[in-house]
Amino acid sequence: MRDENGAPIAFGDTNRFHPGFYNHLCVLSPYRDFLKSYIADLFEQVPVDGLFLDIHHIRPNANEYCIEAMLSKGLDPSKEQVRYEFYKEVIRAYKADFTAFIRTLDKNCTIFYNGGHVGPQIRNTFSYNTHLELESLPSGGWGYLHFPLTARYARNFNMEIMGMTGKFHTSWGDFHSLKNKAALEFETSMMLALNARCSVGDQLHPRGRLDAATYELIGGAYKQIAEKESWCNQAKALVEVGVLSTEAFMEGDVRQPEPMLGLVKMLQEGCIQFDIADVEADWSPYKLLILPDAIPVHDQLRLKLKDYLKNGGKVLASYKAGLSIDGQSFAVEEFGIELVGNAPYSPDFIYTIGKVGEGLPQTELVMYERGMEIKPKPGTEVLAAANVPYFNREWNHFSSHQHTPSTGRSGYPAITRRQATIYFMHPVFTQYARNAPLWCKKLVLNAINMLLGEPMIKHNGPS
């Protein structure tokens, strides 16, 4: 694959004198025929239970094969977004072709095309897999929030899902290292809790000898799995909240958007039973739908939200979620608010009163990220106001180390309610991803309780 300058598109370091092997190969080139012959030879030589085809990334490819194909379709290959969308379709067609080809060699082997992430952007290729494997090695760059984010989406497609981590202390290929025992037990327990099977990767030494300590570590985790396994077979997730994924509205190879990471962290700590969903999903199982921070609303989504609310659903939204595609107004009229524009002050301060502030001291609490100033329509209740500072701390208006304190004067509504909807003017989920203010979590969980009533599950353990 080539970029706009004709240089190879690589996964990581592009210096040819550095160790590595991650040049991306184009599946619209003769490589495709080579790969088919290679797979056919594999089936002739050895028994194959399944194929794991690795590292499929969608890139804005500008090599001669793709340029020629784009021109033949009347597309402009000089535009990066055109190249990206074209290669997305190339990858989809390649997966369809290869699954059909593999089935001519074997009717039953498992097939999975890995790309390091399973999300809305590759939803249209799920059917070419026999199952979904969720590569998510926390110490290898994915982090501990990636697996629950992915699993809560992938488990909704009537396909078996498998969590995939490794025994490595850092990332793949970390020879002679061992993950902390507690870490592996935490990961495999999370897999079971989210309806996934478990896979723990090792890498065989070139001498072909297994390392006993590695399998004592993995065996210890699997001993715990064996004790729970009968409770996990045929288990189904019971949920009451759906979350609309911001990934579905983003361009490029987006895997862990901040609003989603903050939301997963917040809701799991709050014991909320939830799924990650997209526009095409069936929302009827969810009593409440959350639109976190960055969900632009096109006509199809606007109508689906209207129907969802009409049929008894509840909606919680924050910041730019609910705005029209051009960002100039709210497309969801059921919120009962009008957009004024970006909030004139940042930081500003929520004054917590009433049910939405339950469990918090009655004081002003800083909201670090700039919000959207709104104006409530008649009949819309203001649950909390944003108090404003004396001025924004800038080069010519100076105060303290970080920001200016509050005047104690209300500037504009911070949290509003209109019937079955609650809206937060601040990007509370992005904020929670960045530095986890407890008050942001409390305010959101209180709002969820106001809309849901008695939750499905409660516990008195730690968050």
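Everything that follows concerns the structure shown earlier in this document.
Scope of this entry: the structure provided in the associated data block. Because the structure is a prediction, the values reported are computed rather than measured.

1. Topic: helix α8 (residues 299-310)
With twelve residues, α8 should reach 16 Å at 1.5 Å per residue; the first-to-last C-alpha distance of 16 Å fits that figure. Residues of α8 that are buried in the fold lie against β6 (241-244), β8 (288-291), β9 (314-318) and β16 (421-424). Phi turns positive one or two residues past the end of α8, at Gly 312, with a value near 100°.

2. Points about empty space enclosed by the protein
A full pass over the atoms with the stated rule returns five cavities of 30 Å³ or more. Approximately 210 Å³ is the volume found for the largest cavity. Looking at the lining of the largest cavity, the element that brings in the most residues is helix α3 (residues 80-105), giving three residues. Across the lining of the largest cavity, the residue classes break down as six nonpolar, seven polar and four charged. Considering only enclosed or pocket space, the second largest cavity measures out at about 100 Å³ in volume. What lines the second largest cavity is Ser 136, Pro 138, Gly 143, Tyr 144, Phe 147, Pro 148, Thr 165, Phe 186, Glu 187, Met 190 and Met 191.

3. A short note on the side chain of Ser 399
You can see Ser 399 is positioned in the loop between β14 (381-389) and β15 (406-418). Among residues more than four places away in sequence, those in contact with Ser 399 are Phe 391, Arg 393, Thr 404 and Pro 405.

4. What to know about the layout of surface pockets
The volume enclosed by the second largest pocket comes to roughly 1000 Å³. Phe 21, Tyr 22, Asp 54, Ile 55 and His 56 are the residues nearest the centre of the second largest pocket, which is lined by 37 residues in total. For the lining of the second largest pocket, the elements supplying multiple residues, two or more each, are α1 (31-45), β1 (50-53) and α3. Top element by residues in the lining of the second largest pocket is α1. It accounts for six residues. Split by residue class, the lining of the second largest pocket holds 21 nonpolar, eleven polar and five charged.

5. Overview of the nonpolar core
Ranked by internal contacts, the top residues of the largest apolar core, which has 122 residues, are Ile 102, Trp 283, Ile 290, Ile 415 and Ile 448. Other than its neighbours up to four places away in sequence, Trp 283 contacts Leu 244, Ala 277, Asp 278, Leu 289, Leu 301, Lys 304, Leu 305 and Tyr 308.

6. Some details on the pairing of β14
Within β14, seven of the nine residues are buried, leaving the element largely enclosed by the surrounding structure. Across three bridges, the pairing between strand β11 (residues 348-351) and β14 is antiparallel. If you follow Phe 349 over to β14, its bridge partner there is Asn 387. Judged from the eight bridges that link them, β14 and β15 form a sheet pairing that is antiparallel. Across the sheet, residue Pro 389 finds its bridge partner in β15, namely Ser 406.

7. Brief notes about the sheet that holds strand β4 (residues 161-166)
Within the open sheet, the three strands sit side by side as β3-β4-β5. Their pairing is parallel. The open sheet has two edge strands, β3 (132-135) and β5 (197-201), and neither has a second partner. Shown here is a sheet whose adjacent strand axes are inclined to one another by a mean of 25°, direction ignored. Across five bridges, β4 lies against β5 in parallel orientation. Residue Gly 166 lies in a different strand from β5, and its bridge partner there is Gly 201. Lying over the sheet, helix α5 (residues 181-193) contacts β4 and β5, oriented at roughly 150° with respect to β5.

Conventions adopted
- Residues numbered from 1 in each chain as written.
- Predicted model: local features only at pLDDT ≥ 70, side-chain atom pairs only at ≥ 80, totals over all residues.
- Heavy atoms only, no water.
- Helix = DSSP H or I, 4+ residues; strand = E, 2+ residues; numbered from the N terminus.
- Expected span 1.5 Å × (residues − 1).
- Contact = heavy atoms within 4.5 Å.
- 1 Å grid on protein atoms, 1.4 Å probe; cavity = no way out; pocket = protein on both sides within 12 Å on 5 of 7 lines; lining within 4 Å.
- Points joined across faces, edges and corners; volume = space filled by probe spheres on them.
- Nonpolar A, V, L, I, M, F, W, Y, C, P; charged D, E, K, R; others polar.
- Core = buried A, V, L, I, M, F, W, Y, C linked by side-chain atoms within 4.5 Å.
- Buried < 20%, exposed > 50% of the residue type's maximum accessible area, 1.4 Å probe, protein only.
- Pairing = 2+ DSSP bridges.
- Axes fitted to C-alpha atoms, helices over the stretch in contact; angles between N-to-C directions.

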